[in-house]
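If you want the building blocks of each chain, they are given just below.
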Amino acid sequence: MKKIPETKTLDALVLHKKQGASSFYLKEGTEPVKIIRHKAVTADGKLLLEEVDEEHIKKLERTERNLLKTGDILVSLRLNFKVVLIPEELNGATFTGDFIALTVDQTKIHPELLKTYLNQPAVIRYMEAQAGGAIAKSYSKEALLRLPVTVPDKQTQDKLLAAVRKIEEHRKLAEQETAKLKELEEHLLLETLGGSP
């Protein structure tokens, strides 16, 4: 008999929650550490490594417990709801108070799969509906952690992950093709209609 997937809250799938530090902790220190700020995370959930700054932070228990590990999920709780997975290159980095980081229990769910789920339009709408602030939005950490997640068995997760990675490959190829077409269109029009303005 096939096992019915169990629905849990996001909180039940997380081993540790790390709260971003204020600027007080992230400057005028002695430890050189990479710091993730909003500018390094795109609206569609991509992490721009070239936009991650390195600064000297204060070496304190508060900053030590916030250091990121490969596979942590970083979630923006201000301005825009954005979700990224921490790559190996940013193992040991830290982040500002605009974010929360989640260390996922990998015995329950694959972090990459969970990150992709959290970036889905339905989840973003759920978070938007509970956001506060008219101009600078802030998202509820409690609402995020209450989010229901159905957890399939490992075999199903592996198949889903393979499909998600294949979709991402196709998406990258499509983006490259779109950029080439735009470049071709621009070249044709500027050549034909009189060159650069």
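Below is a summary of the structure that appears in this document.

Rules and cut-offs
- Residues numbered from 1 in each chain as written.
- Predicted model: local features only at pLDDT ≥ 70, side-chain atom pairs only at ≥ 80, totals over all residues.
- Heavy atoms only, no water.
- Helix = DSSP H or I, 4+ residues; strand = E, 2+ residues; numbered from the N terminus.
- Buried < 20%, exposed > 50% of the residue type's maximum accessible area, 1.4 Å probe, protein only.
- Contact = heavy atoms within 4.5 Å.
- Areas by Shrake-Rupley, 256 points an atom, 1.4 Å probe, with all protein chains shown as cover.
- Salt bridge = Lys/Arg side-chain N within 4 Å of Asp/Glu carboxyl O.
- 1 Å grid on protein atoms, 1.4 Å probe; cavity = no way out; pocket = protein on both sides within 12 Å on 5 of 7 lines; lining within 4 Å.
- Points joined across faces, edges and corners; volume = space filled by probe spheres on them.
- Nonpolar A, V, L, I, M, F, W, Y, C, P; charged D, E, K, R; others polar.
- Phe/Tyr/Trp six-rings, centres within 6.5 Å; stacked < 30°, edge-to-face > 60°.
- Core = buried A, V, L, I, M, F, W, Y, C linked by side-chain atoms within 4.5 Å.

Re the overall build of the protein
Scanning the protein from N- to C-terminus turns up five helices and nine strands. Ordered by position from N to C terminus, the α and β elements of the protein give β-β-β-β-α-β-β-β-β-α-α-α-β-α. Relative to its full complement of 197 residues, the protein shows a buried share of 35%. Contacts in the protein between residues at least 24 apart in sequence constitute 72% of all its contacts with a sequence separation of at least 6. Roughly 12,200 Å² of accessible area belongs to the protein as shown, and the carbon and sulfur atoms make up 56% of that amount.

What to know about the pattern of salt bridges
Across all of its chains, the model carries 13 salt bridges by this definition. Note that K180 and E177 form a salt bridge whose closest N and O atoms lie 3.9 Å from each other. In this pair, K180 and E177 are both assigned in helix α5 (residues 154-192), three residues apart and thus about one turn of the helix distant. Looking at E177, the relative accessible area reads 44%, which means it is partly exposed. Members of the salt-bridge network, linked through shared partners, are R37, K39, E51 and D53.

Focus: the layout of surface pockets
Roughly 750 Å³ of volume is contained in the largest pocket. What lines the largest pocket is a set of 23 residues, and nearest its centre among them are D44, G45, K46, K115 and E168. For the lining of the largest pocket, the elements supplying multiple residues, two or more each, are β6 (83-85), α2 (111-118) and α5. If one sorts the elements of the lining of the largest pocket by residue count, α5 sits on top with seven residues. Of the residues belonging to the lining of the largest pocket, the class tally is 10 nonpolar, four polar and nine charged.

Things to note about the packing of aromatic side chains
This model, assessed by the stated rule, comprises one aromatic pair. Consider the rings of F81 and Y139, whose centres lie 5.7 Å apart with planes at 55 degrees: the pair is tilted. Of this pair, F81 sits in the loop between β5 (73-76) and β6 while Y139 sits in the loop between α3 (121-129) and α4 (141-146), and the two are 58 residues apart along the sequence. Of the residues examined, F81 reaches a relative accessible area of 5% and is grouped as buried. With a relative accessible area of 6%, Y139 lands in the buried category.

Considering the nonpolar core
Counting residues in hydrophobic clusters, the biggest one holds 22 residues, and the most contacted among them are L10, V75, F81, L102, L114, L118 and L144. For this core, the elements supplying multiple residues, two or more each, are β5, β8 (99-104), α2, α3, α4 and β9 (148-151). Of the residues forming this core, the biggest block, three residues, is contributed by β8. Apart from the residues within four sequence positions on either side, L114 is in contact with L10, I73, V104, I109 and V149. In terms of nonpolar packing, the next biggest core, distinct from the first, is built from 14 residues, V84, I86, F95 and F99 among them.

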